[in-house]
Protein chains: 2
Amino acid sequence: MQNTGKLDATFTPTARTQVERLPERGVYDRAEIYKILDAGFFCHVGFVVDGQPFVIPTGYGRSGDKLFIHGSAASRMLKSLSGGVKVCVTVTLFDGLVLARSAFNHSMNYRSVVVLGTATEVEDREEKIEAVRAISEQIIRGRWDEVRPPTEQELKATTVLALPLAEVSAKVRTGPPHDEEEDYQLPVWAGVLPFRSVPEAPLADPRNLPKLALPKSIENYSR
Amino acid sequence: MQNTGKLDATFTPTARTQVERLPERGVYDRAEIYKILDAGFFCHVGFVVDGQPFVIPTGYGRSGDKLFIHGSAASRMLKSLSGGVKVCVTVTLFDGLVLARSAFNHSMNYRSVVVLGTATEVEDREEKIEAVRAISEQIIRGRWDEVRPPTEQELKATTVLALPLAEVSAKVRTGPPHDEEEDYQLPVWAGVLPFRSVPEAPLADPRNLPKLALPKSIENYSR
């Protein structure tokens, strides 16, 4: 997954990806951005139809310097697809609430990546298999080898879009609140309430065959 | 928060909000949609600049039949703001991974609300206070009364957008996987890996005054 080849190690901010507000939160380092992308597994895809923006959640997978997204979740988008569709893919990992001493300085800790570009449909059969495998492995590593692989018909019924990781930026906020200097005298508890998205006990499908053990992909699940 | 007044209890799907793919997942009931909105606290806002979609994560608050969003996170959007900006606000709550017996039928359990419309800047001072309070209370109930309220200057420095909850739809997926009938014979464990976003132990700001107790807003925190 770490094949960055000869690409620049740092994304050059464009007028569109330059972080304008709170620029100290801007991140352009490719390795750091890929780490955020690899820690997530669903994104919000934005696209435009008749001047109206749409934002749809869907799964994704990173493979090298490409992001693959499930087009199926965005059938509306694909209507306007001909030679590619302009998208914005945003991946947000929420890390915690930042409680300040003033209402104004409350914030959130998060890692967020924004990818701009033109998404194109993956048509080549081999690349499509690589893409759906990448999406599957991104969501739950090891699952692909435990299940029935897609049939030709299922592959045809799956639309996958590819988006080059070329125009990319990230924003990261960590740490305690930043209060006004005079507010540090207030008797108000301030700090961070960290959050994690955690798996709970697996629920077996009532239709499972008897005595099936929990699969390795779940036993070893971690993010 | 439940003031739906004389509005219809059900949103009428428009050509833009009708759930086209897997229509059985579509939800248009106002009370059910508000329940999803009230369970979340950050959204992804989509808007268009020069034909390019942008998708930015930000906090929100629901108050009656309006959604308030922090404009500050979307300074880029506000450049094109004059009499309102076309947006799509999407709130997604991720509930779990759905593990099927085939790669193709893997899915996610989620609740997702999509709001389309024109967001306008909140300029009236009283409405703006209501709006920032609604956003604050949505994120962490009770916090507003524990902290220093905004000064006039801070209020001016805060941009808030209001979006009517008029053109709205939701998609909800719950329950076990839906496999092909013949796949139920496969010796593959299938089921759901539920997820929750949970708070961890609070981290006090090193600059807190000595002996400050944990605030009620955190002690009583629940979603």
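Residues numbered from 1 in each chain as written. Chains lettered and ligands numbered in written order. Predicted model: local features only at pLDDT ≥ 70, side-chain atom pairs only at ≥ 80, totals over all residues.

1. Structural notes on the overall build of chain A
So, point 1. The number of helices and strands found in chain A is 5 helices and 10 strands.
So, point 2. By its C-alpha atoms, chain A is 65 × 50 × 40 Å across when sized along the principal axes.
So, point 3. Within the span of chain A, comprising 223 residues, buried residues form 40% of the whole.
So, point 4. Within chain A, contacts between residues separated by at least 24 positions form 71% of all contacts whose residues are at least 6 apart in sequence. (Helix = DSSP H or I, 4+ residues; strand = E, 2+ residues; numbered from the N terminus. Buried ≥ 20, exposed ≤ 12 C-beta atoms within 10 Å, placed from the backbone. Contact = placed C-beta atoms within 7 Å.)

2. Overview of the pairing of strand S7 (residues 160-164) of chain A
All names here are of chain A.
So, point 1. With 4 of its 5 residues buried, S7 lies for the most part within the structure.
So, point 2. Two elements, strand S6 (residues 107-121) and S7, share 2 bridges in a ladder whose sense is antiparallel. Across the sheet, threonine 120 pairs through a bridge with alanine 162, a residue of S7. (Pairing = 2+ DSSP bridges.)

3. A closer look at the relation of the copies chain B and chain A
So, point 1. When chain B is fitted to chain A, the best match, at an RMSD of 0.0 Å, comes from turning it 180° and sliding it 0.0 Å along the axis. The two molecules are tied by a two-fold rotation axis, judged by turn and shift. Among all residues of chain B, the one whose C-alpha sits closest to the rotation axis is serine 197 of chain B, at a distance of 2.0 Å.
So, point 2. Both copies present the same face, since 99% of the interface residues in chain B are matched by interface residues at the equivalent positions in chain A. (Least-squares fit on C-alpha atoms with pLDDT ≥ 70 in both.)

4. Re the nonpolar core
So, point 1. Of all hydrophobic cores here, the largest spans 106 residues; its most connected members are Ile69 and Val89 of chain A together with Ile69 and Val89 of chain B.
So, point 2. If we skip the residues at most four places from it in the chain, isoleucine 69 of chain B touches Cys43, Val45, Thr58, Tyr60, Val89, Ala119, Leu161 and Leu163 of chain B. (Core = buried A, V, L, I, M, F, W, Y, C linked by C-beta atoms within 7 Å.)

5. Remarks on the interface of chain B and chain A
So, point 1. Each partner contributes to the interface: chain B provides 81 residues, whereas chain A provides 80 residues.
So, point 2. Contributing elements (two or more residues each) for the side of chain B that touches chain A: strand S2 (42-49), strand S3 (52-63), helix H2 (75-78), strand S5 (85-99), strand S6 (107-121), helix H3 (125-139), strand S9 (191-199) and strand S10 (203-204) of chain B.
So, point 3. Considering every element that reaches the side of chain B that touches chain A, the biggest residue donor is S9 of chain B, with 9 residues.
So, point 4. A per-class count over the side of chain B that touches chain A returns 50 nonpolar, 16 polar and 15 charged.
So, point 5. Two strands pair when backbone bridges link them, and strand S10 (residues 203-204) of chain A and S9 of chain B are joined in this way by 2 bridges, in the antiparallel orientation. Looking across to S9 of chain B, one finds that leucine 203 of chain A is bridged to valine 192 of chain B. (Nonpolar A, V, L, I, M, F, W, Y, C, P; charged D, E, K, R; others polar.)

6. A closer look at helix H1 (residues 30-39) of chain A
Residue and element names in this part refer to chain A.
So, point 1. Where H1 is concerned, the buried positions are Ile33, Tyr34 and Leu37. Angularly, the buried residues of H1 cover 100° about the axis, an arc narrow enough to put them on a single face.
So, point 2. Looking at the buried residues of H1, the elements they touch are strand S1 (26-27), strand S3 (52-63), strand S5 (85-99), S6 and strand S8 (167-173). (Arc of directions from axis to C-beta.)

7. A few points about the confidence of the model for chain A
All names here are of chain A.
So, point 1. For chain A, per-residue confidence averages 90 on the pLDDT scale, and residues scoring 70 or more make up 92% of the total.
So, point 2. Low confidence marks residues 1-5, where pLDDT is under 50. Its contacts with residues over four positions away, or in another chain, come to 6 contacts.
So, point 3. Two numbers describe this predicted complex: its pTM, 0.92, and its ipTM, 0.92. (pLDDT = per-residue confidence, 0-100.)

8. What to know about the pairing of S8 of chain A
Residue and element names in this part refer to chain A.
So, point 1. The sheet contact formed by S1 and S8 spans 2 bridges and is antiparallel. Within S8, the residue paired with glycine 26 across the bridge is lysine 171.
So, point 2. Bridging between S6 and S8 involves 7 bridges; their strand directions are antiparallel. By the bridge assignment, tyrosine 110 is partnered in S8 with arginine 173.

9. Focus: helix H3 (residues 125-139) of chain A
So, point 1. The terminal C-alpha atoms of H3 of chain A, which comprises 15 residues, lie 21 Å apart, in line with the 21 Å expected from a rise of 1.5 Å per residue.
So, point 2. For H3 of chain A, the full list of buried residues reads Lys128, Ala131, Val132, Ala134, Ile135, Ser136, Gln138 and Ile139 of chain A.
So, point 3. Elements that come into contact with the buried residues of H3 of chain A comprise S3, strand S4 (66-70), helix H4 (152-157) and S7 of chain A together with S5 of chain B. (Expected span 1.5 Å × (residues − 1).)

10. Things to note about the environment of aspartate 95 of chain A
Residue and element names in this part refer to chain A.
So, point 1. Within the secondary structure, aspartate 95 is located in strand S5.
So, point 2. On the basis of neighbour counts, which here come to 18 C-beta atoms within 10 Å, the residue aspartate 95 falls in the partly exposed class.
So, point 3. Along the sequence, aspartate 95 and serine 112 sit 17 residues apart, while their C-alpha atoms lie 10 Å from each other.
So, point 4. Beyond its immediate sequence surroundings of up to four residues, aspartate 95 is in contact with Asn109, Tyr110, Arg111, Pro194 and Phe195.

11. A few points about the environment of alanine 201 of chain A
Residue and element names in this part refer to chain A.
So, point 1. Along the chain, the position of alanine 201 falls in the loop between strand S9 (191-199) and S10.
So, point 2. A residue is classified by how many C-beta atoms lie within 10 Å of it, and alanine 201, with 7 of them, is exposed.
So, point 3. Sequence separation between alanine 201 and threonine 14 is 187 residues; the distance between their C-alpha atoms is 44 Å.

12. A short note on the environment of glycine 61 of chain A
Residues and elements named next belong to chain A.
So, point 1. Examined against the element boundaries, glycine 61 turns out to sit in strand S3.
So, point 2. Judged by C-beta crowding, with 24 C-beta atoms within 10 Å, glycine 61 ranks as buried.
So, point 3. The sequence separation of glycine 61 and glycine 40 amounts to 21 residues, and the corresponding C-alpha distance is 9.0 Å.
So, point 4. Apart from residues no more than four positions distant in its own chain, glycine 61 is found in contact with Phe68, Ala134, Ile135, Glu137 and Gln138.

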